[in-house]
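Residue strings, one per chain:
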Amino acid sequence: MLSVRRLDAGYGESVVLRGVSLDVEPGQVVCLMGRNGVGKTTLIRAVMGLLRPKGGSVAFKGEDVTRRSPGQRARRGIGYVPQGREIFPQLTVRENLRIGLEACADRKSRAAKDVPAAAVEKFPALQAMYGRRGGDLSGGQQQQLAFARALAAGPELLLLDEPTEGIQPSIVEDIRDVIRSIRAEGKTAILLVEQSLEFVRSVGDRFYIMEKGAVVWTGGKEELDDPAVTRYLTV
Amino acid sequence: MALWLTQLFNGLSVSSILLLIALGLAITFGLMRVINMAHGEFIMIGAYSAYLVQKIFQSSLPQGWFDAYYPLALLLAFALAFAIGLLLETALIRFLYGRPLDSLLATWGVGLVLQQLARTIFGAPNVGVTSPSWLDGGLRIMTGVVFPYKRLFILALVALVLLAMYLYIYRSDAGRRMRAVMQNRDMAACLGISTRRVDAVTFAIGSGIAGVAGCALTLIGPIGPTIGTNYIVDAFMVVVLGGVGKLIGTAAGALGIGMLNTLFEWGSTASLGKVLVFLCIVAFLQWKPMGLFAVRSRSLDG
């Protein structure tokens, strides 16, 4: 459903991505790995539309969205949990979640007073914090909020950029469970950027490893024991 | 007693006028961070709309209807300033977000153009706007203490505008989108908000409120092409003192400056009073650079 073809992208003069191709099938959890600075976040940002590619294409559900704005991609069903959470600090938790509804295709769900239970029930801790400002939450709580916010509009593809970075172990377990339950439901595909091999092994269907702005290894779960994988990921 | 009451009322009245001229700027500068030097000219647009509506009523409508011109003038002032604000945002400001120095110079230029435009259309001398007769006279509280209806009207108008802004920004769906965009434009876009539309409408609303302020200023004096320049410094002072980005701060800033101004003028002269007020503001901002109501938040990546 997501198909990235020979994508070149970068910031200003510098080129970060060189001819990256990647596919995500419906309901799949696709993991993107690699050391720091190899272009994982850049790729996610280009898929979301925050970065204009210099070449190549991004297609979603069979439609070429390379020239579409982030908002238009969101309305077509792409949810995004960025690195660093990007919670609206002065908005309450409830307001943050309601902003998540803006990506709904129809007017009625956008104006809904409350977020659908399906998005929030995965994070029971959030319900007790509805009235608090997003900026007052801890890092782990913000991560859960960003996750629930991205789920609010029921996306068909979810982009998760290092959801476990700097998060306490118990919440990492929660996030693992949530990703697994989304995969079990099969309605939402996930493109996950993650550093921990142990974590991706437990949730992923397909794996890509990047180095120097290009995909250097790809495979399924059985192939993860390939010594090349460890070589690409160790510092 | 009578003197104190009068001074208190004067202070409140000055505060209300300051607040009215600063509220539009609280949006364009406070929320959007555009150093909008043309804010004064939007005030001027509002003032001339009142003049225009009055002219039309005088020349082509029955004499008895004249008193009804003012509510209409308020509406036109808002609508006209809103429309010109929308035009300015679409044609110019949107290319200058995140470039404070450029937007300062550009909006200043726009201000000069608008001033000259007013001079060409209405002439350089000030023009007077006759207030509707239902605002003549005043409310007599006790011997020697009279609260003019015009001042009371402005107080009520400010309260109304403030309430409307509060409801729009903090209670409506559009306001929630607006706050989201102002806090994190990229993320708001990624969640499906049309940031272009939100920016344009937000700037236009700020401009429209400046227009309302201009319409109200016709009640307290004659108006001219440079009316905006007289108020722009005060407007910025109020927003900065209050704390950029907080509506309650803008209200508190206006109240503080208005009250102090009246107090100092009473004890000295008008110009010395103003100097003292500015000194106080400078000293206060040295102590608290973020203003009265700073936006506080836990570090985002906590």
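Residues numbered from 1 in each chain as written. Chains lettered and ligands numbered in written order. Predicted model: local features only at pLDDT ≥ 70, side-chain atom pairs only at ≥ 80, totals over all residues. Heavy atoms only, no water.

**Concerning the overall build of chain A**
Check the secondary structure of chain A and you find 9 helices and 10 strands. Scaling as 2.2 N^0.38, a compact globule of 235 residues should have a C-alpha radius of gyration of about 18 Å, and chain A matches this with 17 Å. Projected onto its principal axes, the C-alpha positions of chain A cover 45 × 40 × 35 Å. By element, 49% of the accessible surface of chain A is carried by carbon and sulfur atoms, the whole surface being about 9600 Å². Here chain A contributes 34 positively and 29 negatively charged side chains, and the mean placements of these two sets differ by 6 Å. (Helix = DSSP H or I, 4+ residues; strand = E, 2+ residues; numbered from the N terminus. Rg over C-alpha atoms; globule rule 2.2 N^0.38 Å. Areas by Shrake-Rupley, 256 points an atom, 1.4 Å probe, with all protein chains shown as cover. Lys, Arg positive; Asp, Glu negative; His and termini not counted. Charge placed at Lys NZ, Arg CZ, Asp CG, Glu CD.)

**Points about the pattern of salt bridges**
Summed over the entire model, instances satisfying the criterion amount to 19 salt bridges over all chains. The salt bridge involving D102 of chain B is made with R99 of chain B; its shortest N-O contact spans 2.7 Å. What makes D102 of chain B partly exposed here is its relative accessible area of 32%. Because the salt bridges share partners, they merge into one network encompassing E63, R68 and R76 of chain A. (Salt bridge = Lys/Arg side-chain N within 4 Å of Asp/Glu carboxyl O. Buried < 20%, exposed > 50% of the residue type's maximum accessible area, 1.4 Å probe, protein only.)

**A short note on the sheet that holds strand β7 (residues 157-161) of chain A**
Within a sheet, each strand pairs with its neighbour through backbone hydrogen bonds, oriented either parallel or antiparallel. Residue and element names in this part refer to chain A. An order of β6-β7-β8-β3-β9-β10 is seen for the 6 strands of this open sheet, with the pairing classed as mixed. For this open sheet the edge positions go to β6 (78-81) and β10 (214-220), each flanked by a neighbour on one side alone. When strand polarity is set aside, the average angle formed by the axes of neighbouring strands in this sheet is 15 degrees. In terms of strand pairing, strand β3 (residues 29-33) meets strand β8 (residues 189-193) through 4 bridges, oriented parallel. Considered in β8, the bridge of V30 is made with L191. (Pairing = 2+ DSSP bridges. Axes fitted to C-alpha atoms, helices over the stretch in contact; angles between N-to-C directions.)

**Let's talk about the UniProt feature "transmembrane region" (unreviewed entry) in chain B**
All names here are of chain B. According to UniProt, the "transmembrane region" (unreviewed entry) feature falls on residues 12-31, 69-92, 104-122, 152-170, 201-223, 235-257 and 269-287. Across residues 12-31, helical content stands at 100% and strand content at 0%; the span's end C-alpha atoms are separated by 25 Å. The span residues 235-257 is 83% helical and 0% strand by assignment, and the distance between its end C-alpha atoms comes to 11 Å. (UniProt positions renumbered as here; feature names shortened; annotations may be inferred.)

**Quick notes on the packing of aromatic side chains**
Summed over the entire model, instances satisfying the criterion amount to 16 aromatic pairs over all chains. Ring centres of W134 of chain B and F153 of chain B lie 5.9 Å apart, and the angle between their planes is 75 degrees; this geometry places the pair in the edge-to-face category. In this pair, W134 of chain B sits in the loop between α4 (100-122) and β1 (138-142) while F153 of chain B sits in helix α5 (residues 149-171), placing the two residues 19 residues apart along the sequence. Linked through ring pairs, F57, F66, Y69, Y70, W134 and F153 of chain B together constitute an aromatic cluster. The lysine or arginine in question, R231 of chain A, covers the ring of Y232 of chain A, its NZ or CZ lying 5.6 Å from the ring centre. The ring of W287 of chain B has K288 of chain B lying over it, and the distance from NZ or CZ to the ring centre is 4.8 Å. (Phe/Tyr/Trp six-rings, centres within 6.5 Å; stacked < 30°, edge-to-face > 60°. Lys NZ or Arg CZ within 6 Å of the ring centre and 35° of its normal.)

**Points about α4 of chain B**
An α-helix turns once per 3.6 residues; consequently, residues spaced three or four apart project the same way. Residues and elements named next belong to chain B. Taking 1.5 Å per residue as the helical rise, α4 with its 23 residues ought to reach 33 Å, and the 32 Å between its terminal C-alpha atoms agrees with that figure. Taken as a whole, α4 has its buried residues at S103, T107, V110, G111, L114, Q115 and A118. Where α4 is buried, its residues meet α2 (39-60), α3 (69-91) and α9 (227-242). Downstream of α4 by a residue or two, G123 has a phi angle that is positive, lying close to 90 degrees. (Expected span 1.5 Å × (residues − 1). Contact = heavy atoms within 4.5 Å.)

**Looking at the pairing of strand β2 (residues 14-24) of chain A**
Residue and element names in this part refer to chain A. Here strand β1 (residues 2-11) runs beside β2; their pairing, made up of 7 bridges, is antiparallel. When the bridges of β2 are listed, A9 appears paired with L17. Taking the residues between adjacent antiparallel strands as the criterion, β1 and β2 are bridged by 2 residues, where G12 takes a positive phi near 60 degrees.

**Details of the nonpolar core**
Residue and element names in this part refer to chain A. By size, the foremost hydrophobic cluster in this structure holds 118 residues, and its most contacted members are L2, L22, L43 and L159. Discounting residues that sit within four places of it in the chain, L22 has contacts with L2, S3, V4, R5, L32, L43, L191 and Y208. Counting residues in hydrophobic clusters, the runner-up holds 46 residues, among them V115, A152, V178 and I182. (Core = buried A, V, L, I, M, F, W, Y, C linked by side-chain atoms within 4.5 Å.)

**Let's talk about the confidence of the model for chain B**
Residue and element names in this part refer to chain B. Confidence along chain B averages 91 in pLDDT terms, with 98% of residues attaining 70 or more. Confidence, expressed as mean pLDDT per element, reaches its minimum in chain B at β1 with 86 and its maximum at α3 with 96. Across the assembled chains, the prediction reports ipTM 0.90 with pTM 0.89. (pLDDT = per-residue confidence, 0-100.)

**Considering a nonpolar patch on the surface**
All names here are of chain B. Among the surface-exposed residues, M1, L139, I141, M142 and Y149 lie close enough to one another that they form a single nonpolar patch of about 460 Å² accessible area. Examining the composition of the nonpolar patch, we find that 3 residues originate from one element, β1, more than from any other. Checked against the element boundaries, M142 lands in strand β1. (Patch = residues over 30% accessible without salt bridge, like charges linked within 9 Å, V, L, I, M, F, W, Y side chains within 5 Å.)

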